[in-house]
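Results of the structural survey
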Amino acid sequence: AQSVSQHNHHVILSEAASLELGCNYSYGGTVNLFWYVQYPGQHLQLLLKYFSGDPLVKGIKGFEAEFIKSKFSFNLRKPSVQWSDTAEYFCAVNAKLRGNEKLTFGTGTRLTIIP
Amino acid sequence: EAEVAQSPRYKITEKSQAVAFWCDPISGHATLYWYRQILGQGPELLVQFQDESVVDDSQLPKDRFSAERLKGVDSTLKIQPAELGDSAMYLCASSLDPLRTDTQYFGPGTRLTVL
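Let me sum up the structure you'll find in this document. The model shown is predicted, which means the values in this text are computed figures rather than measured ones.

This next bit is on the overall build of chain B. When helices and strands are counted, chain B shows zero helices and 11 strands. When the helices and strands of chain B are placed in sequence order, the string is β-β-β-β-β-β-β-β-β-β-β. Its C-alpha atoms give chain B principal-axis dimensions of about 40 × 30 × 25 Å. Burial analysis of chain B (115 residues in total) assigns 48% to the buried set. Residue pairs at least 24 apart in sequence account for 54% of intrachain contacts in chain B once pairs closer than 6 positions are excluded. For chain B, the exposed area adds up to about 5600 Å²; of that, 48% sits on carbon and sulfur atoms. When the 11 positive and 16 negative side-chain charges of chain B are each reduced to one mean point, those points stand 6 Å apart.

Here it is as structure tokens:
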């Protein structure tokens, strides 16, 4: 079965600092990768996704993520964070199992940005 | 922008009572998902529908949980009887067609507290 690991449970940064959130997955087949974000009091929203092609994908609000197949990783990055980036971030993997695709989430990383 | 609708947003109940949650997916989305998100964890799939048919309910505790999508549009998730451990956020999501690796769009969730 597939699994997703997010190593950072809570990250605290000052505004303008650079961000990198780790995500590793375990699955031997073809996967599609996602980062979702949940702002305080709001529902889960898609930040970015990787299906195929260029392993460096760009999402909304200046976020990007790089798929490194050899490392089974899909880390999220942003060069300069803002206070409004305070949220919970979830990495997710979608793998085809028995002809169906199942989305598996990591445990999430809570990001707190200090003004 | 179309959104997934869920109600109620909050539900407080006593253990052994019955509770029900409703979800209306984005119009035209054939696939509907129910997830449970326990505090501090990522969402976990409970059940997946393709139109009115259940595709995956392997993680649904069938002794107390039931889900239906009778006309292939909106859906109801029921818990009877509720237990203390059922306290969680229940999320509904929808996608156009999982076989096309479509993105899942999430509703605001129903936060259940069992006393």
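Still more to cover.
This part is about the interface of chain B and chain A. Opposite the 22 residues of chain B that make contact, chain A presents 19 residues. Taken together, the two surfaces of chain B and chain A that pack against each other cover about 1700 Å², and 52% of this comes from carbon and sulfur. Along the contact surface separating chain B from chain A lie zero salt bridges. Counting across the chain B and chain A interface gives two residue pairs in polar contact (both at pLDDT 80 or more).

Attention now moves to the nonpolar core. Nonpolar side chains tend to gather and get buried jointly when the protein is soluble and globular. One finds Leu-33, Trp-35, Leu-47, Leu-48, Phe-74, Leu-76 and Tyr-89 of chain A to be the most contacted residues of the largest nonpolar core, which totals 29 residues. The biggest single contributor to this core is strand β10 (residues 87–97) of chain A, with five residues. Those residues in contact with Tyr-89 of chain A, other than ones at most four positions away along the chain, are Gln-6, Leu-21, Trp-35, Tyr-36, Val-37, Leu-47, Phe-63, Leu-76, Gly-108, Thr-109 and Leu-111 of chain A. Cys-23, Phe-49, Ala-82 and Val-114 of chain B belong to the second-largest nonpolar core, a separate cluster that totals 20 residues.

With that settled, consider the side chain of Gln-6 of chain B. All names here are of chain B. Checked against the element boundaries, Gln-6 lands in strand β1 (residues 5–7). Within the structure, Gln-6 has its side chain in polar contact with the backbone oxygen of Tyr-90 (distance 3.0 Å). Polar contacts involving the side chain of Gln-6 include one to the main-chain amide nitrogen of Gly-109, which spans 2.9 Å. Contacts of Gln-6, omitting those with residues within four sequence positions, involve Trp-22, Cys-23, Trp-34, Tyr-90, Leu-91, Cys-92, Gly-107, Pro-108, Gly-109 and Thr-110.

Right, let's talk about the packing of aromatic side chains for a bit. In total, this model carries 15 aromatic pairs over all chains according to the counting rule given. Their ring planes at 70° and their centres at 5.5 Å tell us that Tyr-25 of chain A and Phe-72 of chain A sit as a pair that is edge-to-face. Linking Tyr-25 of chain A in strand β4 (residues 24–26) with Phe-72 of chain A in the loop between β8 (64–68) and β9 (73–78), this pair joins segments that are 47 residues apart in sequence. Owing to a relative accessible area of 37%, Phe-72 of chain A belongs among the partly exposed residues under this scheme. Through successive ring pairs, a cluster of aromatic residues spans Phe-34, Tyr-36, Phe-51, Phe-90 and Phe-105 of chain A together with Tyr-33, Tyr-35 and Phe-106 of chain B.

Okay, the sheet that holds strand β3 (residues 19–24) of chain B next. Sheets are built from strands paired through backbone hydrogen bonds, the pairs being either parallel or antiparallel. All names here are of chain B. With respect to topology, four strands assemble into an open sheet ordered β1-β3-β8-β7, the strand pairing being antiparallel. Looking along the sheet, the strands with just one partner apiece sit at the ends: β1 and β7 (65–68). Taking each pair of neighbouring strands and ignoring which way they run, the sheet shows an average axis angle of 15°. Judged from the three bridges that link them, β1 and β3 form a sheet pairing that is antiparallel. What sits directly across from Ser-7, in β3, is Trp-22.

Another aspect to go through is the pairing of β9 of chain A. All names here are of chain A. Most of β9 sits out of view: five of its six residues are buried. Bridge analysis of strand β3 (residues 19–21) against β9 gives three bridges, and the strand direction is antiparallel. Looking at the pairing, Leu-19 lines up with Lys-78 of β9. Two strands pair when backbone bridges link them, and β8 and β9 are joined in this way by five bridges, in the antiparallel orientation. Paired with Ile-68 across the bridge in β9 is Ser-73. What sits between β8 and β9 in their antiparallel hairpin is a turn of four residues, with Phe-72 showing a positive phi close to 50°.

The rules behind the values
Residues numbered from 1 in each chain as written. Chains lettered and ligands numbered in written order. Predicted model: local features only at pLDDT ≥ 70, side-chain atom pairs only at ≥ 80, totals over all residues. Heavy atoms only, no water. Helix = DSSP H or I, 4+ residues; strand = E, 2+ residues; numbered from the N terminus. Buried < 20%, exposed > 50% of the residue type's maximum accessible area, 1.4 Å probe, protein only. Contact = heavy atoms within 4.5 Å. Areas by Shrake-Rupley, 256 points an atom, 1.4 Å probe, with all protein chains shown as cover. Lys, Arg positive; Asp, Glu negative; His and termini not counted. Charge placed at Lys NZ, Arg CZ, Asp CG, Glu CD. Buried area = accessible area lost by both parts, 1.4 Å probe. Salt bridge = Lys/Arg side-chain N within 4 Å of Asp/Glu carboxyl O. Polar contact = N/O pair within 3.5 Å; in protein donor to acceptor, adjacent residues only side chain to side chain. Core = buried A, V, L, I, M, F, W, Y, C linked by side-chain atoms within 4.5 Å. Phe/Tyr/Trp six-rings, centres within 6.5 Å; stacked < 30°, edge-to-face > 60°. Pairing = 2+ DSSP bridges. Axes fitted to C-alpha atoms, helices over the stretch in contact; angles between N-to-C directions.

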